[in-house]
Each structure stands twice: as structure tokens, then as C-alpha cells.
Amino acid sequence: MSYQMKIEAVRNSFRAALDSLTADSQAIEEVRVSYLGRKGKIAKLFALIGSIDSSERPKFGQLINALKNDCQSSFDEKVALLTAETKDSNEDSLDFTLPGAVYRRGSLHPLQQTMDEIKDIFTSIGFSVAYGREIDDDYHNFQALNMPKHHPARDMQDTFFVDDNTVLRTHTSNVQIHLMEEQDPPLRYIVPGRVYRNEAISFKSYCLFHQVEGLYIDKHVSFSELKGTLEYFIKRMFDENVKIRFRPSYFPFTEPSAEVDIWNEERNQWMEILGCGMVDPAVFENVGYDPEKWQGFAFGMGVERIAMLKYKINDIRHFYQGDVRFLEQF
Ligand code: PHE
């Protein structure tokens, strides 16, 4: 083999070694030592000089020097490239100084939490939970509850009409009628749900809100059981020492009727949280129950009112704006 061919053979195998090189510092060092090192393949080419015709020696020397320089610079270039790549990819995937990704955790809406608490308390004393329709006919929302057309009590609840005979329910009391139509007594239900009223929107009223209805029907039910049940509920919902008052009131579907207020320390005033009473015999007649045989009590509480008192919220509209800064607090 001529010395030119030997030089080219080293060049080619060096190129191949360089091409397959990765960012592995040990492999890089091995290539450097075996080609460019003091006892490497290029150094060994210099040892051939003695076997070459003296006229050829200067040419031979130049070729090896050129090879050595070429190999050195392409080796340096390649190593620079490989270490730069390593640095980049490390920066992308493993920068431990970056702040961690913050994932926002969802939470139950304060109204849902309040309703869940109300449900827990009543189910723990034997009530079942029922749901009913939000769009109902005039009969179930009004007439069967002893509020015939043109009854003045209808003015207590500004109504959204879907058509002449269909309304967005103004209270959850419509479900009282459905439950009694569908089942024979005794009954023990609470009914959470949305209700709608066409009222001017302000800090204290909204066109939509939530109620939890209660209906308890059995033999020999008295007003004192209504009082005892509601007192028990309110003390568990707020606290043992909360001040409660039953205030005589009027609802067409209960007789006698009352509203329950609790004392609000912050505002220094009584706040109404629910309406209640003994189911009116006229309602029993409408659903085919014998009023001589059955008695019962009913109540309806405002969930927003209760949540506002419990969590000291001063504007009902907060519940409906979906502002995360508000919702995150619960
Ligand atoms: N439905 C009444 C209201 O919305 C509350 C109520 C329910 C009163 C049951 C008595 C009995 O104001």
C-alpha cells in the first residue's frame, strides 16, 4: 500500500469514528486518544518516514501534517457541537430552578356546600331527599296550595310565566303537592332546588335563588314538633347558642304559619331564614288526604340567606357571578 493510501485510510476511519460519535465523554476521549494521541494512529504514520524514499519525505511530512490538522479541527468542531446539544436539552427538561406549575383546584360552590349541609342534618333525623320540577303548572305552584287565581297572596311572589298556565316555580312548595299526589302518608321529605322570582336585582334579591322545602306528615303531628325540628336544625347549622325566634306569619297553605328569624350579631338585627306552618286542611283535601286523620308541618328555607349569614356574605349577587376570587374562599 502506498503511503498516500495509508494516510487516506486513517482519514476515512477517523471520519467514520467522528460520525458515529455521541455526547458520551468517554467515547469522545477514546477517539481523541486513538487518533490524535501521542501513540495514536496519526503519530504512528510519522514512524513510517524512515521507510520512505528520501525524495518523497518532505511531501509525506506535509500530507501527515495536513491530516493531523484536519482531524484536530474537525474533532474540535464535533465535540463543540455535541456538548452544546447536551447543554440545550438539559436546559429544556431539567431546570430545577424554574417555579413549579400551579394547578388550580376546583371546589364546591358555597350554595352547594350549604345545601349539602342542610341535607346531611335532615337525613340524619330521618328525612329523605326529593327533587321536583322547576317549570310547573299554575295548579301545583299556586292553586293546590290554596292560592286560587287572583288570590292576593300571589303578589307575594312575582312570577315568571312561561304561558298562561305554566310558571317557573316561585317556591319549592310545588313539590309538596307532587309528593302527596304520588304517595300515601306518612311522608318525611326535604326538597332542595332552584326557584325563580321576577324581582328587581339588588344586594339582597336575585331573579333566581334556592330553597329547601320540608314536608312531614303523619298522625298526631303538632306544632311543637315543627318547632323542635327546626330548632334542632338551626342549632346544628349555625351554633348551639344562636338566638332564634318564631314570628307569627301568613301562608295560604299552612295554618298556623310562622317565620323564623335568627339574630345577626354583625348587623344587630333579626334576619328571616324560613317560613313554616302546619299544613292547611284545604291542601290535604286537594291531594285527597283525610284532614281528620293526618296532620303535618311544612317549611321552606332560603339557601342564599342561610349561606350569607353563615359565611358573612353581604351581597347575594356574589353567588351568581362566578368570580374565582370569591369562590376560592370556600
Ligand atoms: N313557600 C314559602 C315561600 O317561599 C315558604 C313556606 C314553605 C312556608 C312551606 C310555609 C311552608 O315563601
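Residues numbered from 1 in each chain as written. Predicted model: local features only at pLDDT ≥ 70, side-chain atom pairs only at ≥ 80, totals over all residues. Heavy atoms only, no water.

**Some points on the layout of surface pockets**
Thinking step 1. A volume near 710 Å³ is recorded for the largest pocket.
Thinking step 2. Along the wall of the largest pocket there are 32 residues; nearest its centre are R197, F209, Q211, E272 and G302.
Thinking step 3. Among the secondary structure elements, those contributing two or more residues to the lining of the largest pocket are strand 6 (208–218), strand 8 (254–264), strand 9 (269–279), strand 10 (295–302) and helix 10 (303–311).
Thinking step 4. Broken down by element, the residue count for the lining of the largest pocket peaks at six residues, all from strand 9.
Thinking step 5. Looking at side-chain class alone, the lining of the largest pocket contains 13 nonpolar, eleven polar and eight charged residues.
Thinking step 6. Approximately 270 Å³ is the volume attributed to the second largest pocket.
Thinking step 7. Together, 13 residues line the second largest pocket, and R267, M271, M308, L309 and I313 are the ones closest to its centre.
Thinking step 8. Contributions of two or more residues to the lining of the second largest pocket are made by strand 9 and helix 10.
Thinking step 9. If one sorts the elements of the lining of the second largest pocket by residue count, helix 10 sits on top with three residues.
Thinking step 10. Partitioned by chemical class, the residues of the lining of the second largest pocket number five nonpolar, three polar and five charged. (1 Å grid on protein atoms, 1.4 Å probe; cavity = no way out; pocket = protein on both sides within 12 Å on 5 of 7 lines; lining within 4 Å. Points joined across faces, edges and corners; volume = space filled by probe spheres on them. Helix = DSSP H or I, 4+ residues; strand = E, 2+ residues; numbered from the N terminus. Nonpolar A, V, L, I, M, F, W, Y, C, P; charged D, E, K, R; others polar.)

**Comments concerning the nonpolar core**
Thinking step 1. In terms of nonpolar packing, the biggest core is built from 39 residues, with I118, F233, F299 and M301 touching the most fellow members.
Thinking step 2. Elements with a contribution of two residues or more to this core: helix 5 (110–124), strand 5 (187–196), strand 6, helix 8 (223–237), strand 8, strand 9, strand 10 and helix 10.
Thinking step 3. With 25 residues, the next largest nonpolar core counts L145, M147, F253 and V283 among its residues. (Core = buried A, V, L, I, M, F, W, Y, C linked by side-chain atoms within 4.5 Å. Buried < 20%, exposed > 50% of the residue type's maximum accessible area, 1.4 Å probe, protein only.)

**What to know about the site of the ligand**
Thinking step 1. What surrounds the ligand is a group of 15 residues, the closest being H171, S173, R197, Q211 and G300.
Thinking step 2. Between the ligand and H171, the relevant distance is 3.0 Å, taken from a nitrogen atom to a side-chain nitrogen or oxygen of the residue.
Thinking step 3. Within the side chain of Q211, one N or O atom sits 2.9 Å away from an oxygen atom of the ligand.
Thinking step 4. The cavity where the ligand resides is the largest pocket. (Near = heavy atom within 4 Å. Polar contact = N/O pair within 3.5 Å; in protein donor to acceptor, adjacent residues only side chain to side chain. Sits in = over half its atoms within 2 Å of the grid points.)

**Side note on the environment of R15**
Thinking step 1. Within the secondary structure, R15 is located in helix 1 (residues 3–19).
Thinking step 2. With a relative accessible area of 48%, R15 lands in the partly exposed category.
Thinking step 3. In the structure, R15 is positioned 287 residues away from G302 in sequence and 84 Å away in space, judged by C-alpha atoms.

**Considering the pattern of salt bridges**
Thinking step 1. Considering all chains together, one arrives at 14 salt bridges under this definition.
Thinking step 2. In this structure, the salt-bridge partner of R11 is E8, at a minimum N-O distance of 3.3 Å. Here R11 pairs with E8, and both are found in helix 1, just three residues apart, close to one helical turn.
Thinking step 3. Among the salt bridges present, the one from R11 reaches D70, with a minimum N-O distance of 2.9 Å. Taken as a pair, R11 in helix 1 and D70 in helix 4 (residues 57–93) lie far apart in primary sequence, 59 residues in all.
Thinking step 4. By relative accessible area, which is 39% here, D70 ends up partly exposed.
Thinking step 5. Sharing partners across several salt bridges, the network here consists of R245, R247, E259 and D261. (Salt bridge = Lys/Arg side-chain N within 4 Å of Asp/Glu carboxyl O.)

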